[in-house]
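# Structural overview
Okay, here's what each chain looks like letter by letter:
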Amino acid sequence: MHHGGDSTETTAKPKRSFYAARDLYKYRHQYPQNFKDIRYQNDLSNLRFYKNKIPFKPDGVYIEEVLNKWKGDYEKLEHNHTYIQWLFPLREQGLNFYAKELTTYEIEEFKKTKEAIRRFLLAYKMMLEFFGIKLIDKTGNVARAVNWQERFQHLNESQHNYLRITRILKSLGELGYESFKSPLVKFILHEALVENTIPNIKQSALEYFVYTIRDRRERRKLLRFAQKHYTPSENFIWGPPRKEQSEGSKAPKMPTSPVSGHNSQTSMHKKSKESKNSSSAVHLNSKTMEEKKVAPNEPGEETDRPRAEPSDGAAKPRNSEDCDGENSNSQPDKTINNPIEKKESASPSDKDEEVEKPNKNSENPGNTSSHDDILLQ
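Residues numbered from 1 in each chain as written. Predicted model: local features only at pLDDT ≥ 70, side-chain atom pairs only at ≥ 80, totals over all residues. Heavy atoms only, no water.

### Examining the overall build of the protein
Note the threshold: The secondary structure listing takes helices from DSSP runs of H or I that are at least 4 residues long and strands from runs of E that are at least 2 residues long, numbered from the N terminus. For this analysis, residues touch if any pair of their heavy atoms sits within 4.5 Å. Using a 1.4 Å probe, the Shrake-Rupley method yields the accessible areas, and only the shown protein chains count as cover for residues.
Helix and strand counts for the protein stand at 19 helices and four strands. If you take every contact in the protein between residues at least 6 apart in sequence, the share linking residues at least 24 apart comes to 73%. For the protein, the exposed area adds up to about 18500 Å²; of that, 49% sits on carbon and sulfur atoms.

Spelled out as structure tokens, the structure:
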């Protein structure tokens, strides 16, 4: 469930969703092990829809009609749940099974088709206006629309629209507008945390919106901004462990093996010089031995190496950002309490977020170490 309402936030600490973290990890890393491209390579349904050649199903409405007649019709945009998958296609299946998944080939063709891109941006502007936001320049910056008060109040109370925003952000990244995502997410965080105009959206913004952004540095900037303004501050659970805490946990380990390894290596060199007959052999053996001793103690050497993705037979989470109004309580699906605190003693400070992909055991809610690793992304 989304966290909304001040009374809930003051009494309960927010939770991380393992399924959300895994879903967004796959998105940011181009859907590894997705072999569906070959099957649908020649379909191009999404591109043909945006070229106004076919209507979206099951409604039978063409893109030009949506852009011209649905714009400003907030009742229609609110209560119709089949258009969003066509306006903002992804490389994953949504709840509208008439909508086809994007393929990498279709994405490249889409980017080269000017009329498709023009309509895609008009669709983006239409949805921003529906949320009470306006696009103000060609770099993706946004601001409050004229009707922001009315629309923000609606957005604060209609949490299934948070699922739509996640889909829109993902689709922007797929179709060549990755740079548009950070300005929108920063704007939403500011309104939620600083202006307090849409406070109910902050859980989804931090759990989902931020993590659609593929650039790690941009994500870190947004998380630092959010942490600065989040209240109560001790309930902020997103991003890597705090620097001062993780450094404190590392302090006792620092003066151990590297120093002793260096001293023993020096003494072995001295002994090798004294023994002229076996100098070469001793030198090589001592160097090899010392390298073996020192290597395992390098901090976090293997923690960044992702494990294999879960097999196709493993249980798959719901595509939360594709859910519509009747399924709005599904985001997040499964939660883990305070993963940062559990991981701090084992993780180096400021480590890359992409610590590990979940393995097959990740589906087991008792396997908290695997869950914690993916949640540190």
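### Observations regarding empty space enclosed by the protein
To keep it simple, the criterion reads: Buried and open spaces are told apart on a 1 Å grid over the protein atoms alone, a cavity being a set of points where a 1.4 Å probe fits but cannot get out and a pocket being an open set with protein on both sides within 12 Å along at least five of seven lines. Residues with an atom within 4 Å of a point are the lining residues. Grid points are joined across faces, edges and corners, and a volume is the space filled by probe spheres set on the points. For this scheme, ten residues count as nonpolar: Ala, Val, Leu, Ile, Met, Phe, Trp, Tyr, Cys and Pro. Four count as charged, namely Asp, Glu, Lys and Arg, and the remainder, Gly too, count as polar.
For the coordinates displayed, the defined rule picks out three cavities of 30 Å³ or more. Space inside the second largest cavity adds up to approximately 70 Å³. Looking at the second largest cavity, the residues that line it are Tyr 124, Met 127, Leu 128, Phe 131, Ile 133, Ile 165, Ile 168, Leu 184 and Ile 188. Of all elements in the fold, only α9 (114–131), α11 (160–174) and α12 (181–194) reach the threshold of two or more residues within the lining of the second largest cavity. Grouping the constituent residues of the lining of the second largest cavity by class yields nine nonpolar, no polar and no charged.

### Structural notes on the environment of Lys 57
Of note, Lys 57 is situated in the loop between α4 (45–50) and α5 (63–70). Sequence separation between Lys 57 and Thr 82 is 25 residues, and the spatial gap between their C-alpha atoms is 7.7 Å. In this structure, Lys 57 is in contact with Trp 86, Asn 96 and Tyr 98, ignoring residues within four places of it in sequence.

### Observations concerning the nonpolar core
In plain terms, the rule: Only buried residues count toward a nonpolar core. Its members are Ala, Val, Leu, Ile, Met, Phe, Trp, Tyr and Cys residues joined through side-chain atoms within 4.5 Å. For the exposure calls, accessible area comes from a 1.4 Å probe over protein chains only, and a residue counts as buried if that area is under 20% of its type's maximum, exposed if over 50%, partly exposed in between.
Ranked by internal contacts, the top residues of the largest apolar core, which has 69 residues, are Leu 87, Met 127, Leu 189 and Phe 209. The leading source of residues in this core is α9, at ten residues. When near neighbours in sequence (up to four residues on either side) are disregarded, Leu 189 contacts Val 194, Ala 205, Leu 206, Val 210, Leu 222, Phe 225 and Ala 226.

### Looking at the packing of α12 against helix α14 (residues 216–229)
For the record, the criterion: All axes here are fitted lines through C-alpha atoms, helices being fitted over the stretch that makes contact, and every angle between N-to-C directions spans 0 to 180 degrees. Any angle between 65 and 115 degrees counts as roughly perpendicular, while under 35 counts as roughly parallel, over 145 as roughly antiparallel, and the rest as oblique.
Orientation of α12 relative to α14, taken along the N-to-C sense of each, is 10 degrees, at an axis distance of 10 Å. It follows that α12 is roughly parallel to α14 by the angle criterion. Packed against α12, whose contacting residues are Ser 182, Val 185, Lys 186, Leu 189, His 190, Leu 193 and Val 194, the element α14 presents Glu 218, Leu 222, Phe 225, Ala 226 and His 229 at the interface. Residue composition of the contact of α12 with α14, grouped by class: seven nonpolar, three polar and two charged.

### Describing the pattern of salt bridges
In plain terms, the rule: Any Lys or Arg side-chain nitrogen found within 4 Å of a carboxyl oxygen on Asp or Glu counts as a salt bridge.
Summed over all chains, the structure comprises 18 salt bridges. The partner of Lys 111 in a salt bridge is Glu 108, and the shortest N-O contact between them spans 3.9 Å. In this pair, Lys 111 and Glu 108 both sit in helix α8 (residues 104–111), three residues apart, roughly one turn of the helix. Exposure remark for Lys 111: the relative accessible area of 39% places this residue in the partly exposed category. The partner of Arg 214 in a salt bridge is Glu 178, and the shortest N-O contact between them spans 3.6 Å. Residue Arg 214 is located in the loop between α13 (202–209) and α14, and its partner Glu 178 is located in the loop between α11 and α12; the two are separated by 36 residues in the primary sequence. Bridged by salt links that share partners, the residues Arg 91, Glu 174, Glu 178, Lys 181 and Arg 214 form one connected network.

### Things to note about the environment of Arg 119
Rule in force here: Distance and chemistry together define a polar contact, namely a pair of N or O atoms within 3.5 Å, with one atom able to donate a hydrogen and the other to accept it when in protein, and with adjacent residues in sequence counting only for side-chain atoms on both sides.
Within the secondary structure, Arg 119 is located in helix α9. In this structure the C-alpha to C-alpha distance between Arg 119 and Lys 51, which are 68 residues apart in sequence, comes to 8.4 Å. Apart from the residues within four sequence positions on either side, Arg 119 is in contact with Tyr 50, Lys 51, Asn 52, Ile 63, Glu 64 and Leu 67. At 2.7 Å, the side chain of Arg 119 and the side chain of Glu 64 are in polar contact.

### Remarks on the side chain of Glu 174
Here Glu 174 lies in helix α11. You can call Glu 174 buried: its relative accessible area is 3%. In this structure the side chain of Glu 174 is engaged in a polar contact, spanning 2.8 Å, whose partner is the side chain of Arg 91. Leave out the neighbours within four places in its chain, and Glu 174 touches Tyr 27, Gln 30, Tyr 31, Leu 90, Arg 91, Leu 102, Ile 107, Lys 111 and Arg 214.

### Quick word on unusual backbone geometry
In the segment running from Lys 57 into Pro 58, the intervening peptide bond is cis, with an omega of 10 degrees. With respect to the helices and strands, Pro 58 occurs in the loop between α4 and α5. Here the bond from Thr 231 into Pro 232 is cis, since omega is -5 degrees, no more than 30 degrees from zero. One non-glycine residue, Gln 30, lies in the positive phi region at around 65 degrees. Here Gln 30 shows up in the loop between α2 (18–28) and α3 (37–40). A residue is classified by how much of its surface remains accessible, and Gln 30, at 42% relative accessible area, is partly exposed.

### Observations concerning the packing of aromatic side chains
Spelled out, the test is: The aromatic pairing rule takes the rings of Phe, Tyr and Trp, using the six-membered ring of Trp, and pairs them if the centres are within 6.5 Å, calling planes under 30 degrees apart stacked, those over 60 edge-to-face and the rest tilted. The rule is short: NZ of Lys or CZ of Arg within 6 Å of the ring centre and within 35 degrees of the ring normal puts a charge over the ring.
Under the counting rule described, the total for this entry stands at 21 aromatic pairs. Ring geometry for Tyr 27 versus Tyr 31: centroids 6.2 Å apart, planes at 80 degrees, classification edge-to-face. With a centroid separation of 5.4 Å and 55 degrees between ring planes, the pair formed by Phe 130 and Phe 131 is classed as tilted. Per residue, the accessibility class of Phe 130 equals that of Phe 131, and both read buried. Sitting over the face of the ring of Trp 148, Arg 144 holds its NZ or CZ atom 3.8 Å from the ring centroid. Sitting over the ring of Tyr 230, Lys 202 keeps its end group 4.9 Å from the ring centre.

### Quick word on the confidence of the model for the protein
Under the convention used in this document: pLDDT is a residue-level measure of predictor confidence that goes from 0 to 100.
Here the protein shows a mean pLDDT of 74. Residues at 70 or above account for 58%. Predicted confidence for residues 1–10 stays below pLDDT 50, and this span has 22 contacts to residues more than four positions away or in other chains.

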